[in-house]
Each structure stands twice: as structure tokens, then as C-alpha cells.
Amino acid sequence: MNESAPRVIDLGNMTVTLLDGGRLRLDGGAMFGIIPRPLWERQTPADERHRIPLACNCLLVEWRGERDRRVIIETGHGEKYGAKEQAIYAIDPGRWLVSGLARAGVEPESITDVIVTHLHFDHAGGLTRLGGDRVVPTFPNATVHVQRREYDDARCGLGIMTATYRDENLRPLEEAERWNLIEGEPEIAPGIRPLLTPGHTRGHQAVLIRGRDGTVVFPGDVMPTAAHVGAPYNMAYDLFPLDNRESKNRVLRQAANEGWLIVLDHEPNTPVMRAQIEKTWYGLVPAEEPGGVSQS
Ligand SMILES: [Zn+2]
């Protein structure tokens, strides 16, 4: 996403605004799992430290004629990093969800609900922020929705990445009693519900937004960038690669058949895509620019 006004997808009775939740760099080999470097590097060149650039795209959902409800989907990496971590991940702590939200003219206090796909640091880091010498909820009036299974796994540190489930991103919300632990695919807000999409983690959820004039799906880390659309393109970070492939198949099949827009969480260049059916799998094509993105 560029630095100008955020992109808005018009779904008729509601709008979906793309927010900049920050940028980071991760090891290219880890991001592409078993795919040989000569293949992934054609599309996604690595830097001198073998890292590839990634966005942390987040969404703001608002309803026409209703000012009392505002939903954020995903929160990016947040601001709580020391100099060493900033260098490792190429994170600029001044560029995170709250600065992205400010560009959309929205106050964190006005957010009523936050939905996160899972609780790894680059998705849940923006849930909390520095407040003096304490870490406090970024959205003090929001209920935070996540799958109970993901939350339980996060709280016992189930993962192959060390320290990606960070106490500082979770505990302040426990203390403020802001969690809503969900099971299955219940409606969270009008037209918004999760899709169970295990693979990256067991409790990972995608988010479906159905408006009067169209549908947007946010697959989360099922398919982090456009370069991950292929069936074997799992991340080495995925706990259950075959399950992730099945989740990706489900999302892409429905998106292609029903004309959903897809917003990719880590895609730095073309975050809004459409799926199309190809010979043995699916492909992605960039969705048209604002004005043309609302669908029939
Ligand atoms: Zn991620």
C-alpha cells in the first residue's frame, strides 16, 4: 500500500478500508518452505541478509449510517521492539497500525471489535502498545475475537518458532478482560464471520466480510502473499502444511466460484486480488482499482 489515502472497498452497506499495519522482513527460505530459492526468488528477490519484504495489511470495517460499530481485522507487528529486534526484522516502530488508522482519520478509542487470525507476533503485536512504563490495550473499548484453540495454544507456547507468542501481546488484554474466545464460525458482527482454516496454526481463522454488494475474504497466513497461491507454497512456519493446503483450497475455490475479493495479509505490492480457476489449481489476478472493485 502506498502512503496516500487508504484504499477503500465499497460493499454497499459497508466499507472495508485497507490499513497499513507496518512492514517487516523475514527469511525468504523460511517464507517459502520446500520451494527452491531459484523459483521463489524470480518473483520475490531477497536482500543481502536473505530476507524478503512483507507488509502487515489490516482492515477497518464500517457500516453506512452506523457510527457505533467499527471493526478492525488483524493488528500487524505493533510498536514494542528494541533496537536489536528492529534490525533483525527491519521493523520501523513508528509505522504501525495506529499510524495507519490515523491516516484513515479514526481514533483507536472508537474501535468496538478486533478480530485476529492468530496470535503470532506479526498479527497480534498491535493489540497492545506502550503506555508510560506499562503495556496497555491499543483499543481500550474493543472486544478481541480469536479462536479458543488458538488462544490456548498461544498461552502454552505451542509452536515451532520461538517466542512468537508474546506475553506482552496477550496478558494486558486478559487483565482488561477484553478477549472473546470463539469456537467455530459464528457471526461476530453483521456480515462478518470467521472461517476455520487450520494449517499455519491449529486454531487459525480466516475472516469473511459479506456486504450487500460483494464479499471480501481475509485469508491471513493461509496464503500470505500472492506468490504463495500455488499448492505446495507453504511457509516453513506452518505447523501443519497439508492442512494449510486444504484450507487454501477451500478459500480459493469459494473465492473463485463466488467472485470474492481477497485481501492478502503480507502482500507488499498487490494486496487486493481475485481468484481464478486454472488447469489443476487456482491463480490470482489483481483486483481493479478503487471505484471498480465493488462486485456484483
Ligand atoms: Zn504472519
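Our subject is the structure that appears above.
First, a word on scope: everything that follows refers to the structure included in this document.

Turning to the overall build of the chain, a few remarks are in order. Along the backbone of the chain there are eight helices and 15 strands. Compactness check: the chain gives a C-alpha radius of gyration of 18 Å against a globular reference of 19 Å for 296 residues, within 12% of the reference. The dimensions of the chain, computed from C-alpha atoms along their principal axes, are 50 × 45 × 40 Å. Within the chain, buried positions represent 45% of all 296 residues. Considering only contacts in the chain between residues 6 or more positions apart, those separated by 24 or more positions represent 69%.

Attention now goes to the pairing of strand 12 (residues 214-218). With four of its five residues buried, strand 12 lies for the most part within the structure. Alignment of strand 11 (residues 205-211) against strand 12, held across five bridges, turns out to be antiparallel. Note on strand 12: the bridge partner recorded for L208 is V217. The antiparallel pairing of strand 11 with strand 12 creates a hairpin that spans two residues between the two strands.

A few words now on helix 6 (residues 148-155). Considered for burial, the residues of helix 6 that qualify are R149, E150, Y151, D153 and A154. Of the surrounding elements, those touching the buried residues of helix 6 are strand 8 (143-147), helix 7 (167-175) and strand 9 (179-182). Phi turns positive one or two residues past the end of helix 6, at G157, with a value near 70°.

Relative to the helices and strands, C58 is located in strand 3 (residues 51-63). Taking the C-beta count within 10 Å as the criterion, C58 has 27 such neighbours and is therefore assigned buried. C-alpha of C58 to C-alpha of V116: the two residues are 58 residues apart in sequence and 9.6 Å apart in space. Those residues in contact with C58 that sit more than four places away from it in its chain are L19, G21, I72, I73, E74, T75, G76, L97 and G100.

A few words now on the sheet that holds strand 12. Read across the sheet, six strands follow the order 10-11-12-13-14-15 without closing on themselves; strand pairing throughout is mixed. Strands at the two margins of the open sheet, each flanked by one partner only, are strand 10 (192-196) and strand 15 (282-286). On average, each strand axis in the sheet is tilted by 35° relative to the strand beside it, whichever way the strands run. Strands in contact with helix 8 (residues 241-258) are strand 11, strand 12, strand 13 (261-263), strand 14 (272-277) and strand 15; relative to strand 14, the strand with the most contacts, it is inclined by about 90°.

Another aspect to go through is the environment of P93. Secondary-structure assignment places P93 in the loop between helix 3 (83-89) and helix 4 (97-103). Excluding residues within four positions of it along the chain, P93 makes contact with E79, Y81 and Q86.

Within a sheet, neighbouring strands are paired by backbone hydrogen bonds and run either parallel or antiparallel to one another. Read from one edge to the other, the open sheet built from seven strands follows the order 1-2-3-4-5-8-9, with strand pairing classed as mixed. Edge positions in the sheet fall to strand 1 (8-10) and strand 9, since each has one partner strand and no second. If you compare each strand with its neighbour and ignore which way they point, the axes differ by 25° on average. The strands touched by helix 6 are strand 8 and strand 9; relative to strand 8, the strand with the most contacts, the crossing angle is about 90°.

What follows concerns unusual backbone geometry. Phi is positive for H50, which is not a glycine, with a value near 70°. Tracing the backbone shows H50 in the loop between helix 2 (37-43) and strand 3. A positive phi is found at A90, a non-glycine position, where the angle reads about 55°. You can see A90 is positioned in the loop between helix 3 and helix 4. Classification of A90 by C-beta neighbours within 10 Å gives partly exposed; the count is 15.

The rules we used
- Residues numbered from 1 in each chain as written.
- Predicted model: local features only at pLDDT ≥ 70, side-chain atom pairs only at ≥ 80, totals over all residues.
- Helix = DSSP H or I, 4+ residues; strand = E, 2+ residues; numbered from the N terminus.
- Rg over C-alpha atoms; globule rule 2.2 N^0.38 Å.
- Buried ≥ 20, exposed ≤ 12 C-beta atoms within 10 Å, placed from the backbone.
- Contact = placed C-beta atoms within 7 Å.
- Pairing = 2+ DSSP bridges.
- Axes fitted to C-alpha atoms, helices over the stretch in contact; angles between N-to-C directions.

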